[in-house]
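Listed below are the residues making up each chain.
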Amino acid sequence: MTDISPSDNPCVCFVIPTYNEAPNVSPLLAQLTEKYGDEATRFLIVDDESPDGTADRVREFAAQDSRVHLLEGKRRGLGDAYVRGISHALDSLDADVVVQMDADLSHDPSDARKLLDRLSRGADAAIGSRYISGGAVDRGWSFGRRFLSRGGNYLARRIAGLVSVQDCTSGFKAISAAALRKLDVKNIRVQGYAFQIALLHRLIESGARIVEEPIYFRDRQRGQTKLGIRDLIEFFYSVWWMRVAGYKTFLKFSLVGLSGVVVNLGSFQLALGLGVHKYLASPIAIELSIISNFLLNNFWTFADRTMPGRRRIRGLKYNLVSLTTLGLSYATFVVLSMLFPDAPPVVLQGCGIIPATICNYLLNSYWTFRAGEPES
Ligand code: GDD
Ligand code: MN
């Protein structure tokens, strides 16, 4: 979906939130501007009136390097800062790619190159991951810190259902502007650290191709973490909220399925009433229900889910699955009609729906719409 090849020279915009990072922001900007010197690159620092003079450090840099930008605002949390920063990068800095990272040098500026490479090879989002092979967190991390990070990740995967990603709370990502525009960043309402999983949730929902690249997360050498109890509380209810949002989709999906049964049996009865032979009425009714299910799911259940990329292949798979469903349902009807010639046809037609639904579900969820790391 995004067309970023190295020769295109995309505009990469680093979005870096800071709160009291005066001792870190200068070395960080020095490394970044040096390492990413030859590209159309921007460095946007989002500072929320840090009392330690972080913004002044940034202004010193900006005076010498026009690629350095400063966005200031009131402090409402990490997520709020990211929403403002990413929106600014998209709307005012012409970003083709956004790289989000921490300012405290926990994220190695050199690693951003690896993330950008993955984007140029076709991914929509590349996550700097501590929890895949090759990745790690600082050996000096306390037990409490490890527990928080692992626990947060566990909740994000097990409760919110973000199972396709290993490091869900990572704050180091490169994301294409096209993917970001799709998921409507301004509508992310979380204020604090839960932003990481809220953003990831939306990326997955919008069908982005997400890959992970191992990183080493170094503990900060100066200053202290801003993670607070409010962030933890918000994180905790966010994972549950995401789960409920998943149920909503499941509920809609089930309702559509139910309506499909009505369409199938209703049109079958109607056709019989019109004198159509049952062996012809059956596949017609099944096909009608497949079509109505598809339309309802497309325009209602998954209306907000855009399926980018290999849409044609997915469409092809979907049709193959539908054909299998049709065949299975019809075969069941024919076999049952032969075994029980005296049973009411509409009951037998209804029986055909059962194996078809199971097969349809298995094939679609494990094949057509399978989640997981896409090849890039
Ligand atoms: N503008 C702004 N406003 N920046 C903030 C705020 C805020 O309210 N809160 C934190 N930041 C900035 C910090 O200045 C730093 O640059 C970055 O956000 C990360 O904050 P840290 O306080 O260093 O976070 P951490 O090291 O505890 O957490 C890191 O790991 C987490 C996962 O374990 C971050 O990468 C998190 O994003 C990540 O979820
Ligand atoms: Mn940190």
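Everything that follows concerns the structure shown earlier in this document.
Owing to the predicted nature of the structure, the values given are computational and were not obtained by experimental measurement. Here the residue numbering is sequential within each chain, running from 1 through the sequence in written order. Numbering of ligands from 1 and lettering of chains from A proceed in the order in which they are written. Owing to the predicted nature of the model, reporting of local features is limited to residues with pLDDT of at least 70; listing and counting of side-chain atom pairs is limited to 80 or more, with chain, interface and lining totals taken over all residues. Only hydrogens and water are set aside; all other atoms, that is, all heavy atoms of the structure, feed into the side-chain values.

Colleague: When you look at the site of ligand 1 in this model, what are you seeing that I'm missing?
Modeller: Whether a residue is near a molecule or strand is decided by its heavy atoms; if any one of them lies within 4 Å of it, the residue is near. Around ligand 1, the structure places 25 residues, and the nearest of them are Glu21, Asp102, Gln196, Thr225 and Lys226. In the environment of ligand 1, an oxygen atom lies 3.2 Å from a nitrogen or oxygen atom belonging to the side chain of Arg145. Note that an oxygen atom of ligand 1 is positioned 2.6 Å from one of the backbone N or O atoms of Lys226. Reported accessibility uses the Shrake-Rupley method at a 1.4 Å probe radius. Residues are deemed covered only where the shown protein chains occlude them. Burial of ligand 1 by the protein amounts to 96% of the accessible area it has alone, namely 740 Å². Counting from the N terminus, the helices are DSSP H or I runs at least four residues long and the strands are E runs at least two residues long. Sorting the residues of the shell around ligand 1 by element identifies β1 (12–18), α3 (78–91) and α5 (143–158) as the ones contributing at least two each. Residues are sorted three ways: Asp, Glu, Lys and Arg are charged, Ala, Val, Leu, Ile, Met, Phe, Trp, Tyr, Cys and Pro are nonpolar, and all the rest, Gly among them, are polar. Partitioned by chemical class, the residues of the shell around ligand 1 number eight nonpolar, eight polar and nine charged. Polar contact is the term for a pair of N or O atoms within 3.5 Å; when the atoms are in protein, one must be able to donate a hydrogen and the other to accept it, and sequence-neighboring residues count only if both atoms are side-chain atoms.

Colleague: How should I be thinking about the state of the cysteines in this particular structure?
Modeller: In a disulfide, the sulfur atoms of two cysteines are covalently bonded to one another. Here, a disulfide means two cysteine sulfur atoms that sit within 2.5 Å of each other. Per the stated rule, a full pass over the model turns up zero disulfides. Cys359 takes part in no disulfide bond, and the closest cysteine sulfur to it belongs to Cys351, at a distance of 17 Å. A relative accessible area of 15% places Cys359 in the buried class. For every residue, the accessible area obtained with a 1.4 Å probe (protein chains only) is divided by the maximum for its type, and the residue is called buried under 20%, exposed over 50%, and partly exposed between those limits.

Colleague: Would you mind going over the packing of helix α8 (residues 229–273) against helix α9 (residues 278–301) with me for this structure?
Modeller: To characterise two packed helices, one gives the angle between the axes of the helices and the distance between these axes. Note on definitions: angles span 0 to 180 degrees between N-to-C directions of axes, and those axes are lines fitted to C-alpha atoms, for helices only across the stretch in contact. Look at α8 against α9: their axes get within 8 Å of each other, and the N-to-C directions meet at 150°. The orientation of α8 relative to α9 falls into the category roughly antiparallel. With respect to the hand of their crossing, α8 and α9 are arranged in right-handed fashion. Residue composition of the contact of α8 with α9, by class: 13 nonpolar, twelve polar and two charged. Put simply, angles under 35 degrees are roughly parallel, angles over 145 are roughly antiparallel, angles from 65 to 115 are roughly perpendicular, and the rest are oblique. Left-handed describes a crossing whose near helix is turned anticlockwise from the far helix by less than a right angle; the clockwise case is right-handed.

Colleague: What's the story with the sheet that holds strand β5 (residues 125–129) in this structure? I'm lost.
Modeller: Any two strands between which DSSP finds at least two bridges are classified as paired. On the basis of which strands lie adjacent, the open sheet formed by seven strands has the order β3-β2-β1-β4-β7-β5-β8 and mixed pairing. Every other strand in the sheet has two partners, leaving β3 (68–72) and β8 (210–214) as the edge strands with one partner each. Each strand axis lies, on average, 20° off the axis of its neighbour in the sheet, ignoring direction. The pairing of β1 with strand β4 (residues 97–100) spans four bridges and is parallel. Bridge pairing in β4 places Phe14 opposite Val99.

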